Amino acid sequence: MKVKFRIRRFNPEVDKKPYWGEYTLDNVEPTDRILELLHRVKWEQDGTLTLRRSCAHGVCGSDAVRINGVNKLACKVLVKTLDLKDGGQVQVEPILGLPVVKDLVVDFEPFFDHYRAVMPYFMPATPRPGDGRERRQSPEDRARFDDTTKCILCACCTTSCPSFWASGEYVGPAAIVNAHRFIFDSRDGATQERLNILSEESGVWRCRTIFNCTPACPREIEVTRAIGEVKLAIQRNGR
Amino acid sequence: MDVKTHQFDVVVIGAGGAGMMAALYASRGAKTAVISKLYPTRSHTGTAQGGIGAALANLDEDHWEWHAFDTVKGGDYLTDQNAAETLAREAIDAVIELELMGLPFDRNPDGTISQRRFGGHTNNQTKKPVRRACHAADRTGHMILQTLYQNCIKEKVTFFDEYQAIDLITNDGKVCGVAAVCIDDGEIHVFHAKAICFATGGWGRLWETTSNAHSLTGDGPALVWRAGLPLQDMEFFQFHPTGLYPVGLLITEAVRGEGGVLINDKGERFMERYAPTIKDLASRDVVARSIYLEVQAGRGIGGKRYVHLDVRPETVNRYLAEAGEDRRVDAAYILSKLPDITDFCHTYLGIDPTKSPIPIQPTAHYGMGGIPTNLDAEVISTGAGTVVPGLYAAGEVACVSVHGANRLGTNSLTDLIVFGRKAGKAMADYARQADFVPLPANPAGKIVAEIERIRKSSGKTKPYMIRQEMQKVMMDHVSVFREAPGLQKALDTVRELKSRYQDDLAVDDRGMRFNTDLLEAWELGCMLDLAEITTLSAMERKESRGGHSREDYPKRDDVNFLVHTMAYPEKGGIRIAHDRAVDLSLGYQPAERVY
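Residues numbered from 1 in each chain as written. Chains lettered and ligands numbered in written order. Predicted model: local features only at pLDDT ≥ 70, side-chain atom pairs only at ≥ 80, totals over all residues. Heavy atoms only, no water.

A. Focus on the overall build of chain A. Helices and strands together make up the secondary structure of chain A, namely 8 helices and 7 strands. Principal axes of the C-alpha set define a box for chain A whose edges measure 65 × 35 × 30 Å. Relative to its full complement of 239 residues, chain A shows a buried share of 57%. Within chain A, contacts between residues at least 6 apart in sequence are counted, and of these 65% link residues at least 24 apart. Here chain A contributes 36 positively and 32 negatively charged side chains, and the mean placements of these two sets differ by 1 Å. (Helix = DSSP H or I, 4+ residues; strand = E, 2+ residues; numbered from the N terminus. Buried < 20%, exposed > 50% of the residue type's maximum accessible area, 1.4 Å probe, protein only. Contact = heavy atoms within 4.5 Å. Lys, Arg positive; Asp, Glu negative; His and termini not counted. Charge placed at Lys NZ, Arg CZ, Asp CG, Glu CD.)

B. Broad picture of the packing of aromatic side chains. All names here are of chain B. In this structure the tally under the stated criterion is 21 aromatic pairs over all chains. Judged by centre distance (5.8 Å) and plane angle (80 degrees), the ring pair of Phe8 and Phe160 falls under edge-to-face. With a gap of 152 residues between them, Phe8 in strand 1 (residues 3-13) and Phe160 in strand 6 (residues 158-161) connect regions that are remote in the sequence. We note that Phe8, like Phe160, is buried. Centroid distance Tyr163 to Phe191: 6.2 Å. Interplanar angle 75 degrees. Geometry classified as edge-to-face. (Phe/Tyr/Trp six-rings, centres within 6.5 Å; stacked < 30°, edge-to-face > 60°.)

C. Representation of the pattern of salt bridges in the model. Residues and elements named next belong to chain A. According to the stated counting rule, one finds 78 salt bridges over all chains in the structure shown. Note that Asp113 and Arg116 form a salt bridge whose closest N and O atoms lie 3.0 Å from each other. Note that Asp113 and Arg116 are positioned in helix 2 (residues 109-117) at a spacing of 3 residues, about one turn of the helix. Assessed through its relative accessible area of 27%, Arg116 is described here as partly exposed. (Salt bridge = Lys/Arg side-chain N within 4 Å of Asp/Glu carboxyl O.)

D. A look at the domain arrangement of chain A. Residue and element names in this part refer to chain A. One can read the domain layout of chain A as domain 1 (3-105) and domain 2 (108-236). Between the C-alpha centres of domain 1 and domain 2 the distance comes to 29 Å. In this assembly, 16 residues from domain 1 lie in contact with 15 residues from domain 2. Taken together, both faces of the contact between domain 1 and domain 2 bury some 1200 Å²; the carbon and sulfur share is 64%. Interface area lost by domain 1 to domain 2 is led by Asn71, Leu96 and Leu98, which between them contribute 39%. Linking domain 1 to domain 2 there are 3 residue pairs in polar contact (both at pLDDT 80 or more). Considering each element in turn, the side of domain 1 that touches domain 2 owes the most residues, 3 residues, to strand 4 (residues 70-73). Per-class residue counts for the side of domain 1 that touches domain 2 are 8 nonpolar, 4 polar and 4 charged. (Domains from an automatic or database assignment. Buried area = accessible area lost by both parts, 1.4 Å probe. Polar contact = N/O pair within 3.5 Å; in protein donor to acceptor, adjacent residues only side chain to side chain. Nonpolar A, V, L, I, M, F, W, Y, C, P; charged D, E, K, R; others polar.)

E. Examining the confidence of the model for chain B more closely. The predicted model of chain B averages 97 in pLDDT, with 100% of residues at 70 or higher. Scored as a complex, the prediction yields pTM 0.97 and ipTM 0.98. (pLDDT = per-residue confidence, 0-100.)

F. Layout of unusual backbone geometry. Residue and element names in this part refer to chain B. Cis peptide bonds are those with omega within 30 degrees of zero, and the linkage from Tyr245 to Pro246 qualifies with 0 degrees. Note on placement: Pro246 falls in the loop between strand 11 (237-244) and helix 6 (254-257). Across the junction of Val400 and Ser401, the peptide omega takes the value 0 degrees, indicating a cis bond. Tracing the chain through its elements places Ser401 in the loop between strand 18 (398-399) and helix 12 (411-433). A positive phi is found at Lys156, a non-glycine position, where the angle reads about 55 degrees. Within the secondary structure, Lys156 sits in the loop between helix 4 (140-154) and strand 6. Although it is not a glycine, Asn442 adopts a positive phi angle of roughly 50 degrees. By relative accessible area, Asn442 is classed as exposed at 61%.

G. Representation of the pairing of strand 21 (residues 563-570) of chain B within the structure. All names here are of chain B. Among the 8 residues that make up strand 21, 6 are buried, leaving the element largely enclosed by the rest of the structure. As judged from the 2 bridges shared by strand 10 (residues 231-232) and strand 21, these two strands associate in the antiparallel manner. Note on strand 21: the bridge partner recorded for Leu231 is Ala567. Here strand 21 pairs with strand 22 (residues 573-581) via 7 bridges, running antiparallel. Bridging across to strand 22, Glu570 finds its partner in Gly573. The hairpin turn running from strand 21 into strand 22, its antiparallel successor, is 2 residues long, and Gly572 in that turn takes a positive phi close to 75 degrees. (Pairing = 2+ DSSP bridges.)

H. Molecular detail of the environment of B:Met21. All names here are of chain B. Along the chain, Met21 turns up in helix 1 (residues 17-27). Each C-alpha atom, one on Met21 and one on Lys422, is 8.9 Å from the other, the two residues being 401 residues apart in sequence. Dropping the residues within four chain positions of it, Met21 is found in contact with Glu97, Met101, Leu148, Leu416, Ile417, Gly420 and Arg421.

I. Inspection of the sheet that holds strand 12 (residues 261-263) of chain B at higher detail. Residues and elements named next belong to chain B. Spatially, the 4 strands line up as an open sheet ordered 11-14-13-12, and their pairing is antiparallel. Only two strands of the sheet have a single neighbouring strand rather than two, namely strand 11 and strand 12. Across the sheet, the axes of successive neighbouring strands diverge by a mean angle of 45 degrees, strand direction being ignored. Bridging between strand 12 and strand 13 (residues 307-310) involves 3 bridges; their strand directions are antiparallel. (Axes fitted to C-alpha atoms, helices over the stretch in contact; angles between N-to-C directions.)

J. Structural context of the environment of B:Arg116. All names here are of chain B. In this structure, Arg116 sits in strand 4 (residues 115-116). Classification of Arg116 by relative accessible area gives buried; the value is 3%. Linking Arg116 and Arg131, residues 15 residues apart in sequence, is a C-alpha distance of 4.2 Å. Setting aside chain neighbours within four positions, we find Arg116 in contact with Gly50, Val130, Arg131, Arg132, Ala133, His135, Ala137, Asp138, Ala254, Glu258 and Lys337. Among the polar contacts listed, one links the side chain of Arg116 to the backbone oxygen of Gly50, at a separation of 3.1 Å. Among the polar contacts made by the side chain of Arg116, one reaches the main-chain carbonyl oxygen of Ala137 at a distance of 2.7 Å.

K. Summary view of the pairing of strand 11 of chain B. All names here are of chain B. Burial of strand 11 is extensive: 8 of the 8 residues sit out of reach of the surface. Pairing of strand 11 with strand 14 (residues 358-367) involves 6 bridges; the strand directions are antiparallel. Bridging across to strand 14, Gln238 finds its partner in Tyr366.

Structure, rendered in structure tokens:
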């Protein structure tokens, strides 16, 4: 089938302002991934089209874009799921709320700054076991934070959040998800420090429970629930 | 062009498992920087699924000696036995260290790390599969990558994210730095260093069907090669038996570890014929060849080029009962152990693997060869083991050689941690006693000229045309089975493509900012170099061993080829020599390989 692509283009080296580039691809298969088709545009028609990508199967988190207005990983969207007619159109834009570097590439530094701010690393509650072996953890305690270990830092959640759009100072859903992963890990001992960070003005209370983040997550993490659990933990800790 | 210069004791190129492990250790004793063309969490380590091998013996009796022997046998005896010993001995402590760093492994009821079966990992006495693969569902690599990045943040490791290394700088033959392009603004940076470690991963993008990320273009080995150093065992590239058909993405061996079986068009569990004892859990080379032979014999599903991987509970339970095992599984168990596989099947094929079998085909997966190193991850320049001062390599890009002619599943992650750690320690020690080798005059001059040539190229051949032609010819003639005429055709094609790359390239993007058109074209040059070296190495190994199967030389030949291949860059060409001996220090004599 034939598919038209409408792609938001902007190269600050040459363009005064963003514009829509339009490209038509023939011989598109229903099972083609949007990433493959963006590659076809770049390779066959216009090499200046710029995007990030790596693993191409939804694990590395490089290719988050807005497809028909919804945050997705381009490698996880198949043409057949877009309900297109022959000659139909797909619109692709950069994710919102981070500065555009070029075309579909945004500046990830503010996103990673927020991630780094929540102490996203293990702070053991107990010394190393004397027998030289692993710390033990029950399967139930391990299951408690399983959902938030799945995060690939693609920024689909954070850049779908109106509170983040309103203020880039908000740490955003992804950073909270990564704090949650440690707050609810029974081996970790820095819960109070993380809760203190997240109860500051840029923390969880900027979340207005709009739920955009949850359907945006390509890993199906229950992001809003995780944020809610962190809010509850802060309240129970008397802050 | 303006060139910025930085100075660090240690520079690590690549931020996957090996690179970050090396960086964590090096940075404790030396001023260290990591440069990576991807954000660290985008690295391909994150896509590893099934597990990391270590003889923890949490569930079954196990010993590092068994792990070492399985590694040697899996490598079809080309594995250096001292390397297998290091891997298997240190794996135990390395996995414990990951857990202590916070890695969320799956747990046994007693709280210890959960383990499962994987191909080629056995109880050496009973020859039956042993539970050795430590895992976190089917996203073990993701957890390793995240945990290492988290610890790098904790220990304040310096990263240069989205800086692509494009040249290894030498002065009078001595290694002294790296040139890299800052992808964001296109500026060239020179990193002056005492010690440099390549940890850039693999080069699966040489082939049409691959589990590998787009970024796996072999930049590391190409840079080392262009600096005048050899590459080892390049003919050995693993085809993983179970790539999702038709896209090629990886379906972990853990599917078979949990009880899944391979089924042909006639409904036969055909691995019973090829590996009567261990069946579907034979080594990857054995299983990939078996699938090819089934397809060649017309027993692919519906006559097509794939077979089925069946992990439906009723199928798994039938074969568990047949084997006299008490264990039974249900759909919820499969989902809990293989959630990502379930998601891939749903997203890309619209099927539920607990209800329908998964269509699979072999897919280009892992380079056993690479930059030759010794046990301390020091790069060597001769078959005799001459060390290149200040140069290191670890992970898939390196050839220790711990995987020999065929890598066992789970040993890649073990390799990253064990040898990444060794590289980090060795570099910190080296940096303490070594001085900086001065940079040459105009250290980035040559590479800037090459980059500008590509940027301004105005021929008629776009990079993707050359890339696709290379990938097709490598898939047709340098994959699971090889023979002389096909290898010659591949070599001729690759050489013709190299001349088109030099003379007729067409790049659209002439800008500085985030110019991936230019960088993809540059990466293609790396891949063409490696395709030529791989094909020539394959031509000169006139035997079948592990991942290298010659239809015209179907037998293993220990008299002439129990030796590593070294490819040396020589003026105007490539010289292949079989001058690096295989280490046999554990005393495992080459035997017929039966599973």
